[in-house]
Amino acid sequence: MNGDTVELRQLRYFVTVAEELHFGRAAERLHIVQPAVSQQVRRLERELGVSLFGRTTRSVSLTEAGQRFLPHARAVLAAADRAADSVTEFRATGTLVRLGTSEGLGDRLDALLGAFARLAPSASLELVHAPTAQRLQRVRDGSLDATIVRGSWPGSGLDFTPVWTDEVVVALPASHPLAAADEVPFAALAELPVRLTASSRNQPLHDLVVACRREAGFEPVLGKEFTTAQDTLGTLGFGRPHWTVFYRAHANLLPMPGVVFRPLRDPAPRMPTYLATATDRRLTPELVALIEAARSS
């Protein structure tokens, strides 16, 4: 093992999964997508040369090696926190900005966090994960300063500032003939079943795909409903041929055996993304920095 390649991030993910014994709940606590947690934990296991968790379709448990490793991982993280705390008095006390987020932001969120830290070094950013409707209501009542939202959401009392546009790509089995193409014509998907997120869970994305297939001139063959990224991609790679869609920024963090992501054309779907703030809220320097960070990500 080359210990130099074990990252604090991997240790933090491992400890969180060990405490939750569930990759999905761990991802929610960490405000990242579940596949990213699984990927980093597996990298840590490869680096250590041992399995830290026993995994079945229904449960996650610590192996004997994982139980032995856990207190040492906690000790390393505690030492890192103490090191950071030792210079707290030298940092300017800044404003706390509470930002609502959602799954699927992928590497966009990493870029936003880095840009915000550069633009507002004295401010702290707290990420809050919740369904879109809840986040928008919390912006209205002031318990969130802003939230990232994709697509249009009706309602009063909110301002929506455009920040970026996401490419929507198709996920296909690597073994399917369409996977060999650099771009996939939307109409070429007509004969394949599609797994879509329910409109009740993600109305803008559902409506975007429906509008695209209508423009391409076909009625889709509906497969099972999209559940989680990990489960859907698992069946996509090794089950009966079908397709689904992901935001490019999310797909960048989802390497999955047996699955490829390809751009779409005729039409090429794009999803606008906004930063929602309360209409009656003054734009503080920190919020302006957050908007600029999101636009640059």
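Everything discussed here concerns the structure shown above.
The structure presented is a predicted model; accordingly, all values stated were derived computationally and were not measured.

Caption draft 1: Region of the structure containing the packing of aromatic side chains. All told, the structure shown has seven aromatic pairs when counted by the stated rule. Ring geometry for Phe 160 versus Tyr 274: centroids 6.2 Å apart, planes at 85°, classification edge-to-face. With a gap of 114 residues between them, Phe 160 in strand S6 (residues 158–173) and Tyr 274 in strand S13 (residues 270–278) connect regions that are remote in the sequence. Between Phe 186 and Trp 243 the ring centres are 5.9 Å apart and the planes differ by 90°, which places this aromatic pair in the edge-to-face class. With Phe 186 in the loop between strand S7 (184–185) and strand S8 (193–194) and Trp 243 in the loop between helix H8 (229–238) and strand S10 (244–247), this pair connects stretches of sequence that are 57 residues apart. Among the residues examined, Trp 243 registers a relative accessible area of 1% and is labelled buried. Taken together, the aromatic side chains of Phe 14, Phe 23, Phe 53 and Phe 69 make up a single cluster linked through ring pairs. Above the ring of Tyr 247, the side-chain terminus of Arg 150 is found at 3.7 Å from the ring centroid.

Caption draft 2: The arrangement of the pattern of salt bridges in detail. Using the criterion set out here, one finds 16 salt bridges in the structure. Notably, a salt bridge pairs Glu 64 with Arg 68, separated by 3.9 Å at the nearest N-O pair. Of this pair, Glu 64 and Arg 68 both sit in helix H4 (residues 64–85), four residues apart, which is roughly one turn of the helix. Residue Arg 68 is classed as exposed on the basis of its relative accessible area of 60%. The salt bridge involving Asp 145 is made with Arg 98; its shortest N-O contact spans 3.2 Å. Here Arg 98 lies in strand S3 (residues 96–101) and Asp 145 lies in the loop between helix H6 (132–141) and strand S5 (146–150), a separation of 47 residues in the sequence. On the accessibility criterion, Asp 145 (3% relative accessible area) is buried. Among the charged side chains, a salt-bridge network with shared partners connects Glu 19, Glu 20, Arg 25, Arg 29 and Arg 74.

Caption draft 3: Up close: unusual backbone geometry. Put simply, Asp 266 and Pro 267 share a cis peptide bond, and its omega is 5°. Positive phi outside glycine occurs at Leu 21, with the angle close to 50°. The residue Leu 21 is located in the loop between helix H1 (8–20) and helix H2 (23–30) in this model. Of the residues examined, Leu 21 reaches a relative accessible area of 36% and is grouped as partly exposed. We note that Asp 266 has phi near 55°; this positive angle belongs to a residue other than glycine. Looking at the secondary structure, you find Asp 266 in the loop between strand S12 (264–265) and S13.

Caption draft 4: Fine view of the packing of H1 against H4. Where H1 meets H4, the axes come as close as 9 Å, and the angle between the chain directions of the two elements is 125°. With respect to each other, H1 and H4 are oriented oblique. Handedness of the crossing formed by H1 with H4: left-handed. Residues Leu 8, Leu 11, Arg 12, Phe 14, Val 15, Ala 18 and Glu 19 of H1 touch H4, and the partners they reach there are Gly 66, Phe 69, Leu 70, Ala 73, Arg 74, Val 76, Leu 77, Ala 80 and Asp 81. Residues belonging to the contact of H1 with H4 are distributed by class as follows: 11 nonpolar, one polar and four charged.

Caption draft 5: The arrangement of the side chain of Thr 147 in detail. With respect to the helices and strands, the residue Thr 147 is situated in strand S5. Classification of Thr 147 by relative accessible area gives buried; the value is 0%. Looking at Thr 147, its side chain comes within polar contact range of the main-chain oxygen of Gly 100, at 3.2 Å. Reaching out from Thr 147, the side chain makes a polar contact with the side chain of Arg 135 at a distance of 2.7 Å. Those residues in contact with Thr 147, other than ones at most four positions away along the chain, are Leu 99, Gly 100, Thr 101, Arg 135, Leu 136, Val 139, Tyr 274, Leu 275 and Ala 276.

Caption draft 6: Helix H3 (residues 34–48), seen in detail. The end-to-end C-alpha distance of H3, which contains 15 residues, comes to 21 Å, matching closely the 21 Å that a straight helix rising 1.5 Å per residue would cover. Three or more residues of H3 are buried, namely Pro 35, Ala 36, Val 37, Ser 38, Gln 40, Val 41, Leu 44, Glu 45 and Glu 47. Looking one or two residues beyond H3, the residue adopting positive phi is Gly 49, at roughly 80°.

Rules of the game
- Residues numbered from 1 in each chain as written.
- Predicted model: local features only at pLDDT ≥ 70, side-chain atom pairs only at ≥ 80, totals over all residues.
- Heavy atoms only, no water.
- Phe/Tyr/Trp six-rings, centres within 6.5 Å; stacked < 30°, edge-to-face > 60°.
- Helix = DSSP H or I, 4+ residues; strand = E, 2+ residues; numbered from the N terminus.
- Buried < 20%, exposed > 50% of the residue type's maximum accessible area, 1.4 Å probe, protein only.
- Lys NZ or Arg CZ within 6 Å of the ring centre and 35° of its normal.
- Salt bridge = Lys/Arg side-chain N within 4 Å of Asp/Glu carboxyl O.
- Axes fitted to C-alpha atoms, helices over the stretch in contact; angles between N-to-C directions.
- Parallel < 35°, antiparallel > 145°, perpendicular 65-115°, else oblique.
- Left-handed = near helix turned anticlockwise from the far one by under 90°.
- Contact = heavy atoms within 4.5 Å.
- Nonpolar A, V, L, I, M, F, W, Y, C, P; charged D, E, K, R; others polar.
- Polar contact = N/O pair within 3.5 Å; in protein donor to acceptor, adjacent residues only side chain to side chain.
- Expected span 1.5 Å × (residues − 1).

Nothing here speaks to function; it is geometry throughout.
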